[in-house]
Structures are given as structure tokens and as C-alpha cells.
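Observations on the three-dimensional arrangement
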Protein chains: 2
Amino acid sequence: MKEDRKVYLENVSLEEAREKLFNALGTLSEKENIKWGEVHSEKVFVDNAKNRYTSEPVFARVSSPHYHASAMDGVAVDSKDTREASLRNSVKLSLSKNEAYLVDTGEPLPEGTDAVIMIEEIEWLSEKEIEIIRSVSPWENVRNIGEDLVATEMIVPSNHKLRPVDIGAILAGGITEVKVKLPPQVAILPTGNELREPGEHLRPGDIIEYNSRMLAGYISEWDGVPYRQDKVEDDYEKLKEKIKNLSGAFDLVIVNAGSSAGREDYTYKVVGDLGEVLVHGVAIKPGKPVVIGLVNNTPIIGIPGYPVSALIALECFVKPLLDYWLMGLKKIKEDNKERPTVKAKMSKKLVSSLNALEFVRVKIGRIDEEYVVSPLKRGAGIVMSMVEADGLLEVPHMKEGFLKDEEVNVQLLKPKYLVDNALVCIGSHDITLDLLGEILHKNHYPYSLSSNNAGSMGGIMAISKGEAHLAGVHLLDPATGEYNLPVIYKYIKDEVVVVNLVHRDQGFMVNKNNPKGIKDVNDLTREDVRIINRQRGAGTRMLLDYFLEEQNILPEHIKGYDKEEVNHLSVAAAVSGGAADVGIGIRAACEALELDFIFLAKERYDLIIPKKHYRTKGVKKLLETVRSEEFKKSVVKLSGYDLSKTGEIIAEIKPD
Amino acid sequence: MKEDRKVYLENVSLEEAREKLFNALGTLSEKENIKWGEVHSEKVFVDNAKNRYTSEPVFARVSSPHYHASAMDGVAVDSKDTREASLRNSVKLSLSKNEAYLVDTGEPLPEGTDAVIMIEEIEWLSEKEIEIIRSVSPWENVRNIGEDLVATEMIVPSNHKLRPVDIGAILAGGITEVKVKLPPQVAILPTGNELREPGEHLRPGDIIEYNSRMLAGYISEWDGVPYRQDKVEDDYEKLKEKIKNLSGAFDLVIVNAGSSAGREDYTYKVVGDLGEVLVHGVAIKPGKPVVIGLVNNTPIIGIPGYPVSALIALECFVKPLLDYWLMGLKKIKEDNKERPTVKAKMSKKLVSSLNALEFVRVKIGRIDEEYVVSPLKRGAGIVMSMVEADGLLEVPHMKEGFLKDEEVNVQLLKPKYLVDNALVCIGSHDITLDLLGEILHKNHYPYSLSSNNAGSMGGIMAISKGEAHLAGVHLLDPATGEYNLPVIYKYIKDEVVVVNLVHRDQGFMVNKNNPKGIKDVNDLTREDVRIINRQRGAGTRMLLDYFLEEQNILPEHIKGYDKEEVNHLSVAAAVSGGAADVGIGIRAACEALELDFIFLAKERYDLIIPKKHYRTKGVKKLLETVRSEEFKKSVVKLSGYDLSKTGEIIAEIKPD
């Protein structure tokens, strides 16, 4: 069995991989006279040509205007007749004698006239006689033939994506049909026994087949035409038959997944057997296990199954192919960054592999006119990291990463004004923060809440370093029993306002009917009990530590103490899925996943807002939202919250 | 008649006009409880939800993964069994005894296992027995339940435009249907007796109805749904009937044109009679004559007929309405510039009216890492100014304009990499430059040629000031009879390379069969002959001046000497349209418009390229194109060109 597996992939650089692909297409065009991407065009009505790419330049057939047109509402005259007109020596012209003609903007100049006097400059002596006190030059206030477009003039070149304004100009030039490229027809083939259609019943091991939908979406956005195929099983013969057929019928074939070197990864072998593999394994992360080849003179791109890997590989290889087809663009992405970028500062150190170009999804916050970057979870399976990302940060091949505070260039994945108007909230996770963000976003767009779960202590530190607009914090001071204020006095040097968000119940989460019979913190030391903990710096972990210390229990006596999750829902999911028997967290998360809850404490969760941000419009809108009935009503639907102090100012702290 | 006309428009600022519009919508919602833009939503399948806007947040129904999944290809084990494994003390596990299970990435962990050993770390002793030399921790190489998404977690908020990646995440969360906003249904009503459909026969005064197509195109891009209506005549009753019906059936009605205060401009009166006019006349240029009102609680936007005015007014008023409907965005454009901008330097002084916010279409060139801005023609009727524009420059209300060399912020209308790769050619106009640009663009995208007709002397000056990559020049030195080189020696201080583009025939353009019997330059002084001239600094004008001086003819004795056009085609169009009897220009332009040509001279047209640009990749590609058979073949199809020296280096000039 082991001999069957090809364990190692190549690690070709992205540039080299793309070069191999484009060279192979070039060779095709030389040897076989098949110019991939340069052969197909069709004539379409201009009305239907929006967003299509011209395959030849478009020239005007008629001039615009095609007659001498009045450029104003006014009176058309022969300029010679006005030569003597002045304030002292007004000239009278008669409409009935055809010395002057009333014309509106756009109307043709009547025979014998060559200028227009603006309506505002005319004194009406009667309905048929006017007086003027200024001469006009020949062709004054006249749009000459061809002022906009002269017949035969080139309106747009070839390889040009037609915008609405181009459509207008082409129609203005008397053209009703244009020759445009046929867009590349792209087959997307999902493979895998484990795939289920959305909505189908799921058993362990089943995966919802959503990748093909994402890939199709981006292919449309890049102006290709995606064709999602029925999925095929992981079966060499079936896959071979399918790829053979698709390569004959489509301009480009994407196989997702099976591109790695695992037991049931057949793409490499099939492409090699039907045609030629150009590359297997590219030095990008995520997205390494890519297969690039040609079958039937058609490019086949095998991309990995993890959603983030699939998207990165798609952008690295499929977008350039579409650009090449539609625009003749042979250059690669480095020279062609269409996404706007911002210069930003790393909020923490980022370590990356030397062996690959890594694409890191990041949140970006604008604090005091400076952009601060925080990496999101880096797993290739975490599609939410792409949903939440404000930007994409590339760590080049052969670079170890970035230092804290290092300046980096980040590609924006969201409109800049959304990033600019996001309120950065670093600190403890609470479900009500999501609701708060949702209502803020809905009622006060483009303001939004960008939450970063770094734990309460992470929030305190972010505020002290000026890296957040606000922090969500619930930190019990064991000495005084007081929440939040002692730690602020200890760590924060600038003036802050402390506003209560909620009070909330914390406790143990256990499976329905408490199968392990957990009653209190002493049960955590039992041999048959595994816990799931929160990350260091989280207020909830510190709450657990407080109870452990009270009972003189050492962490090393608790199984799972080192196993961490970064938010309440993930803790609940770990218990619900059986990875742990008990976790500590808020009641709302517990009930969301239908677990049982063992109450431990009611705690105060506050927002800490530096004074300098407190008066900004965004924070005002946020606090308005905190105090709104809409927010409170949505929180009341959850369990374990007390809103009696919500929105109240707990303290204004002025350090000396 | 004059009493009938409302001659003056208001001059309300853009901000105030938008405020009036949004306040009126707000009042509507308070008084009549009609929340314009906040009421309509529908449920759609997620597969069909791309680019739609959520009307409520979307929460995950299932976790992803929904089971503990192997994160690697490898062998699943109980981590406890590996505790003792080390290099010195390997551990053997049997597949047949269920101590280990072969798993692929994504497969569920078999019962009793909690970790995965990567395939690369395994020594196979037989098909059913493995040896390992390293222990694994619990949950190592395992994707826990909910690692990506936990059931109940918010995936996207409301007011969110769904991207392909959002579609993926929503499907991953087990959701198959989402609630999205119905996009605003926008009626576009073209009005005017003069309108003709594209392709219809045109008589003087007829205008091709292309505006509605442009407007519809942008409304789609901004995610509204446009409905182009049949055009209506300029008739008060018909327009009233139509607007009444449309306001009942659509969410927004655009009336184009008739929005000014002319004889047949009924929009203002109709809107006032059916409902309420909020604004008539906004301090923007172009686009001033805007009518904004409410009929049947539906916003009616009357926009002017000139294409550029129509586009500017659309962006100023219709885009914010669509944003409000789709995203609840109440902020106006100033806070919401979605277009990327660049800082750039004015190439010349720009004078603008104090009374309006002016939108100037500009070309942008990147020369030596600096962006240089040149305004295009400013007429509201010149749709080509929008087609050619690289950017839009706003001159604020109450600002007189910009100085030469002043730094300005320009909104980009084209992708930045296209602007960055454009070769700026300032100088004389020649038809072959268009062909050259087309072939360069087609074969060497994203390089392009950005031509700016400033005349030969304009080109010389641009090179001397470092504002162009190359100049197209044909300047006869009367003293020596030599072309181009003397003037370069006189004005240019840096090293340049002179490359021949073409030799070309210059002469008089006259109508077919030369109705005025023009033979030579002496005929230009005749009382019955009007000429059309080229602009100051144009080589062609200087050629005319050379012939006039030879014959001792003074310009003041020539009718039309002061009437200028800036390129050969426009001169030909002026003659063809009867605005002049004769013009001077190249044979190719003459023949394009089927005029007769009277030969005057053959002249050399060269490209002047500063040495520092000569070695850049873009210029290399340009010269490659100049020397290509494809370019030469396309020029040969025109008349009056001699290609014997095309592409040859005429001189390399090193000033001392």
C-alpha cells in the first residue's frame, strides 16, 4: 500500500509555476498553431455588450454631433448681423424675417446661421423681435460637427472591457454591433466520495460541497463562464473519463480536490496519463498541492480541497489564465495588483515558513490615522478567515515573517471606507458583541464593529498600546472582588471611560443531563474528566484559575487544562462534540448548543474606551446602539444576561 | 412666449441638495410610515444570492466541521498509546488490531482515537503494522468540531453584499436559503422629440438615444435594476401621465432630459404639479440643471440631456439613493469615496467657476514615479472625455481652480496598473498613433499609449519639462529646411533619441470636387473662402504659416485663421460639415472623411524619446510595435504615408 503513494510534492515557486503554464501555452501556439485564448469572438448588439471584451477596435461610423448644433437654449443668428452690437448700439433682429430663430440646446442651426446667443442675453421687444447688446463670433455657442466624435475615429481599442460609458460612445458613433471575445468556458469538477449537496443529511465524514459555488462565483467575477459539474467519486477510471470529456468540451478545467499526493488523490496521475503534468506542488501556503497540466491542449488546474487553499490557488492560476484569454495579459500578478493596498503596522510578530509564499488573512484597524494589522486564524480549512478578513498579507518565499510594529503592505479585501469606519474592539469574547456589531452596521453603516478575541488582558494591553478603539473586559480582582477598574489603574496610562455592556452568568458547560455528574470545581481533578480551557489572558480562564486557587487545586492535576479555545462558542462546541467533558463559559453559549449549565458566578462585562475615541462619531453611534431598545431586546432573547446597568458609565478614569 | 420660460435655476450646493432629498425621505418615514428602501426583502437559495444584500444576519445552523476530522493524510491513533514513543524507543501499532487507522484529510476520527500521525512520520513494517518514533498530543492534527464555524455563530451581518466566499461560508454553516433585499427597481425615462433609436436614419437635429443605455449600465453596476422605458415626446400632458404611472410602479424614476428651464423642459413643472419639487438646479458642473422631487412618495430625479452631465448627476444623486436602499447608507459621497485616488501634479493651470463644484475629466501619466494630470475637453456633450479619462478631478465649489504644478487628488476611473503602464505621448496628432496604440495595447497589455494632442511645440515643451515619455513632432525649420532636430537642440537639455514614425503628405482639405476651386495658398485670402486652422504650437499650423510667409500673406487677411481645431480629423470634419471651405492637414484624415486633397508637402514625423525612458520595457515594446509588420500593414491601408524610414533612429542627441 505505501508504495502506491507519492508522498512528496514539488515546491516550485509561484513565478516558476506560472511561467511553466504560460510557456506551455506558448509552445502550443507555436507547434500546434492553437492559440489558446485568441481564437473565439462573436458579434453582439452594443446594448448587450456591457462587460464584454472587444476583440477588435471600434471606429465611429458617424460624427457626433452629425450636424452643427446649438450648445445653448437661445437664438440662432448669422454672426455677421451682430458685428455692430454693443451696450450703446443695440441691434434688433426679427424672428419673422428669419434674421433670428429660437433654438433649444441640441437643435440644428437653421440655414444661414452660424452662432447662438444665449437666452439670458436677449431682450425681447415683442414675440417676434429681439434686441442684443453684444456681438457673437462665428460658431459661438455652437457644437460643431464631430465635436465629440469624428466619423472614422477610434472609440475603444481591442482587449477593452466595455463600460457603460463606452457603450454610450459607441452608440453615439453610429455603431450598433461590436465584435467581442467569447469568454472562456470553465468547467469546475468537484471530486470526492465525502461530498454532499447543500441541504442533504450529514453523517460524520460528509462535507458540504460548497467549494464549487465559491469558485464559480469568482470565475464569474473575473469574466469567465463557470460550469459546475456533477461531482465524481474518488475513482481513477471515472475521473479519467470525466477529465477527458471535459477537456474536449471546455476551455479550462478545474478539478477540486484530489490534487495532493494522498491515497485517493488521482488528479496528478490522470492528468499525466491523459496529457502532461507541468507542475505538481507550488511553494504557496495555503494552496501547495496544485496540479497544473494540459490535456487535449486544454489547461487542467487541480486545486486542493480546503476552501482557503482552493481560493488562493484559484487566484494564483485561474485568474491569470482568464486575464490572458480576455485581455492578452501575459504578465503575472506581481505586476498587476488590482487590489488597493494600505501601508500598515503589525500588531504582533508573525512567523512564516521560509519555504513558501504565504497568504495571511488579516484584520485591519485604523487607529489614530495609522493602520494596524492583526492576523486571523491561518488554517486552510477556515473559510471564515476569508469572510472576516479585511486584507490579505503576503509573506514572501524565503522570508521568515514580520516583526511586531514592522510596516507591511496589505491588499484590501473590503472597501477602504469600511475599514476606515470600523471600530476596533479587542478583548474578551461575548455573544452580545456580535449583536451589537450587527445593529450598529445595520443602522449606522458604514460604521461597524471589528471584534478581535484576545481575551480581557489582551484588550487591556491593546488599549494601553493604542491599538484599539475599545476593549471588552471582565476581570475580577481577587484581592478586592472588584471588576475591571483595578486592572485599568494598573496598566492603562491614558484617560478612559468605562461603560457597562452587560452582566452575565458564567459556569460549567456539560452535556445534556450532565453524564459525568459534575457539581463543582473539585470534579475537574477526576481521572475520568477532561476539560477544555480558554486561552491565556482570557477573563474566563482567570475566573477558573480563581476558583482553582480557592480550592488549592493545581492545574497539572486537571486533564485538558492546556487545551485551549478562544471563545465561548468553541468551548461549547468542544463539549458538545465530545472533545471534552466540561468547559467554562457563558450561559448564552451553553444554551446555543443545548448543553447543560452549572452556574458559577455573575460577572460584569464592561467596554473600556480611551477618552480620545470617546467623542468620535463612530463611538457615539456605538454607545447609542448599546443603549437602544433594539439591542436590549435582542439580548433579552439570549439567556444569562442582566441588562440593568447596560450603557451606564461605570467610571471615568484619569490616571495621575 | 418669454413669460412662459423660467430662465433661472437655483444653485443649491451638492451637500444641501442631497440633504434635502434624504430629509424628505426621512420625513416620509416619520409622517407616512413609508420607509423608502427598508421594506422589501425575499428569500432566495444561497446558490443564487451572489451580489445580493442581506436583509438580516445569517447564523450557522450546523458546525463546520460537524465532526472531529483528520487534518492530514495519516494514521489515526489514541494519543495515549504513543506516549512512550521516541527515537530510541519506537512504538509499533497494528492496523488489524484497531490500534491505528489509515485516514485521509477530512475523514472522521474512528471511535477511540484522538490524534493523527502524519503519513510522512510513519515507518511501515508491513501492510498492517506501523512504527512511530514520536508521541502525539491529544487532538494533534485534528480539526475539532466547529473549528471553522460553530452552530449559532453569525456568519454575515445584515446590509452585507454577498461575495462568493460568503456564499461558501453560509453553505458551510448548513444554510440553504437567505433573506435578501429586493433591489430598487429604477425606471429610466428618455424624453425628447429629437431622440432616435440606435441604427435609425438620422436627420439634422436627431440625437441617438444612448443615454438611457449608459444610465442603465451604471444602475446595474450599483446593484439597482434598471428598466428603460419607451421615450416620450416633449409634451406636458404625456410626460405627466407617464411620470404619474412610473412613480406608482417603480421605486425610483429617472427622467432624462428636460430638467432645465428651457421652452420644452417640462420635468420641473410636471413634478411640481404631481408632487413636490425639492431642488431645481445644483451647483455642480457639468450637471447643474437637475430636478429632484417626490411624486407618489417616490423619488423622481430629472437629469440633463448632455451625456456627461447625465452621468455626473446620476452619480451625485442616484448612487446615494441606491446605497441608502441597499446598505442603509445615509452618508454622502464625501465620506464614501470608493474610488482609489492618486496624488498628482497639474501639468497646467486649470480655471474653474467659483459657483460650482466642477468634475473635470483628466488624463493621468506616471512619469518618473510622479503622476501628472492633464485636463481633457470640458464640454458636457463630449462623452469621449469620459471614455478617455483616466481620472476625475473635483474642483470644489468656491475654488477658482488649480495652479500649474499644484498637487491634487484625482479619483481613478481606470485600474491603477493601466495608468501606471501607459506611455504618455504628448505632441502632434497623427492617425497612425491610434493604430500604434491599438497594436501595443493588443499585443503588450497592460502597456498602452496615452496620446495628448498638444501640437508639436507642446510635445517639445513636455519633453523639456519631463512631462512625457515621448513626443510626436513634425517641425520644419524654415532657415535650414531640416525637420525636428534644430528645435530639439534649441529647447531640450537632456539626452534624447529621435526615431522616425512615418513620412506623411500634408495639404489642403476641400470638399469633393473642390467647389471653391482652391489651388494654392493665395486662394485663402479670397472673400468667399473661410478656413479652419489648427491650434497654436501645432506643426501643421506652423507649416501653413511657413507657406503664408513665403507668399507674404498676413493672417488677418484670412477668414477663419483664428478658428482652431486640435487634430486632423476635426479639421476634416469642419470642412466636411461646411463650417469651413478649406483646412490644412494630412491626407489620411482627408480621405477618411472623403474630402479632396491638394498636396502641399511631404514631411517627417518623428518620435522624440528621452534617453532615460528609451531603455524601459514599455518604450521597448512600443518601438518593437513601430517596427512590426502588423503596424506597417495597418498604416499602408491608409493614404499618404511613406514607411521607408519607419522605426529608424534618426539621431541621438546629447546636448553639451
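Nothing here was measured: the structure is a model prediction, and the numbers come from that model. Chains are numbered independently. Their residues run from 1 in the order of the written sequence. The order in which chains are written sets their letters, starting at A; the order in which ligands are written sets their numbers, starting at 1. Restriction of local features to residues with pLDDT of at least 70 applies here, the model being predicted, together with a cutoff of 80 or more for giving and counting side-chain atom pairs; totals for whole chains, interfaces and linings are based on all residues. In computing side-chain properties, one takes all heavy atoms of the structure into account and sets aside hydrogens as well as water.

The copies were overlaid by least squares, fitting only the C-alpha atoms of residues that reach a pLDDT of 70 or more in each copy. If you rotate chain A by 180° and push it 0.0 Å along the axis, it lands on chain B with an RMSD of 0.1 Å. Put plainly, the chains are arranged around a two-fold axis. When C-alpha distances to the rotation axis are compared across chain A, the minimum falls at P340 of chain A, with a value of 3.6 Å. Contacts between residues were defined by any pair of non-hydrogen atoms, one from each residue, lying within 4.5 Å. Looking at chain A, 100% of its interface residues are interface residues in chain B too, so the copies touch through the same face.

This paragraph deals with the packing of helix α3 (residues 211-221) of chain A against helix α6 (residues 307-327) of chain A. All names here are of chain A. Packing of α3 against α6 brings their axes to within 10 Å, and their N-to-C directions diverge by 30°. Our classification of the angle between α3 and α6 gives roughly parallel. Considering the relative orientation of α3 and α6, their crossing is right-handed. On α6, the residues touching N211, M214, L215, Y218 and I219 of α3 are P307, A310, L311, L314, V318 and L322. Classifying every residue of the contact of α3 with α6 gives ten nonpolar, one polar and no charged. Axis angles are defined between N-to-C directions and span 0 to 180 degrees, where every axis is a line fitted to C-alpha atoms and, for a helix, only to the segment in contact. Helical segments are the DSSP runs of H or I of at least four residues, strand segments are the runs of E of at least two, and each set is numbered from the N terminus. Under this scheme an angle from 65 to 115 degrees is roughly perpendicular, one under 35 degrees roughly parallel, and one over 145 degrees roughly antiparallel; angles in between are oblique. Crossing handedness: left-handed means the near helix sits turned counterclockwise from the far one by under a right angle, and right-handed means the same turn made clockwise. The nonpolar class holds Ala, Val, Leu, Ile, Met, Phe, Trp, Tyr, Cys and Pro. Asp, Glu, Lys and Arg form the charged class, and all remaining residues, Gly among them, are polar.

On to the interface of chain A and chain B. Contact residues are listed per partner, giving 116 residues for chain A and 118 residues for chain B. Across the chain A to chain B interface the summed buried area is about 9800 Å²; carbon plus sulfur atoms make up 60%. The salt bridge criterion pairs a side-chain nitrogen of Lys or Arg with a carboxyl oxygen of Asp or Glu, the two atoms within 4 Å. Between R228 of chain A and D47 of chain B there is a salt bridge, and its shortest N-O distance comes to 3.5 Å. For the purposes of these results, a polar contact is taken to be a pair of N or O atoms within 3.5 Å, where, inside protein, one atom must be able to donate a hydrogen and its partner to accept one; residues adjacent in sequence count only when each atom of the pair is a side-chain atom. Along the contact surface separating chain A from chain B lie 27 residue pairs in polar contact (both at pLDDT 80 or more). Of the residues forming the side of chain A that touches chain B, the biggest block, eight residues, is contributed by helix α2 (residues 164-172) of chain A. Computed with a 1.4 Å rolling probe, the buried area is the accessible surface lost when two parts are put together, summed over both parts.

A separate point is unusual backbone geometry. Each neighbour pair has its own omega, and for S64 of chain A with P65 of chain A the value is -10°, a cis peptide bond. Looking at where P65 of chain A falls in the secondary structure, it is placed in the loop between β2 (58-59) and β3 (69-70). Omega for the peptide link from K285 of chain A to P286 of chain A comes to -5°, which places this bond in the cis form. Structurally, P286 of chain A is set in the loop between β19 (284-285) and β20 (291-295). The backbone of N296 of chain B sits at a positive phi, close to 55°, despite the residue not being glycine. With respect to the helices and strands, the residue N296 of chain B is situated in the loop between β20 (291-295) and β21 (298-303). Given the relative accessible area of 48%, N296 of chain B is considered partly exposed. Even without being a glycine, N514 of chain B presents a positive backbone phi close to 45°. Tracing the backbone shows N514 of chain B in the loop between β32 (496-510) and β33 (531-534). Throughout, exposure labels follow a simple rule: accessible area from a 1.4 Å probe, protein chains only, divided by the maximum for the residue type, with under 20% read as buried, over 50% as exposed, and the rest as partly exposed.

On to the sheet that holds strand β21 (residues 298-303) of chain A, then. Residue and element names in this part refer to chain A. Two strands form a pair only when DSSP identifies at least two bridges running between them. Read from one edge of the open sheet, six strands run β16-β13-β17-β21-β20-β18, paired in mixed fashion. Every interior strand has two partners, whereas the edge strands, β16 (225-228) and β18 (276-280), have only one. Looking at each pair of strands side by side, their axes are set apart by 20° on average, direction ignored. Sheet topology places β20 next to β21; five bridges connect them, and they run antiparallel. Opposite V295, over in β21, you have T298 as the bridge partner. Sheet strands in contact with α3 are β13 (185-190), β16, β17 (252-256) and β21, and its direction is about 165° off that of β16.

The next thing to look at is helix α2 (residues 164-172) of chain B. For α2 of chain B, the buried fraction is high: nine of the nine residues fall into the buried class. Restricting attention to buried positions, one finds in α2 of chain B the residues P164, V165, D166, I167, G168, A169, I170, L171 and A172 of chain B.

The next point concerns the packing of aromatic side chains. Working definition: rings of Phe, Tyr and Trp (its six-membered ring) pair if their centres are within 6.5 Å, and the pair is stacked with planes under 30 degrees apart, edge-to-face with planes over 60 apart, and tilted otherwise. Counting across every chain of the model gives 14 aromatic pairs over all chains. Judged by centre distance (6.0 Å) and plane angle (5°), the rings of W36 of chain A and Y324 of chain A are stacked. Of the two residues, W36 of chain A sits in the loop between α1 (14-32) and β1 (41-45) while Y324 of chain A sits in helix α6, which places them 288 residues apart along the sequence. For the pair W36 of chain A and Y324 of chain A, a shared accessibility class is recorded, and that class is buried. Here the aromatic rings of W36 of chain B and W325 of chain B are separated by 5.0 Å at their centres, their planes lie at 80°, and the arrangement is edge-to-face. Of this pair, W36 of chain B sits in the loop between α1 (14-32) and β1 (41-45) while W325 of chain B sits in helix α6 (residues 307-327), placing them 289 residues apart in sequence. W36 of chain B sits in the buried class, given a relative accessible area of 7%. Classification of W325 of chain B by relative accessible area gives buried; the value is 2%.

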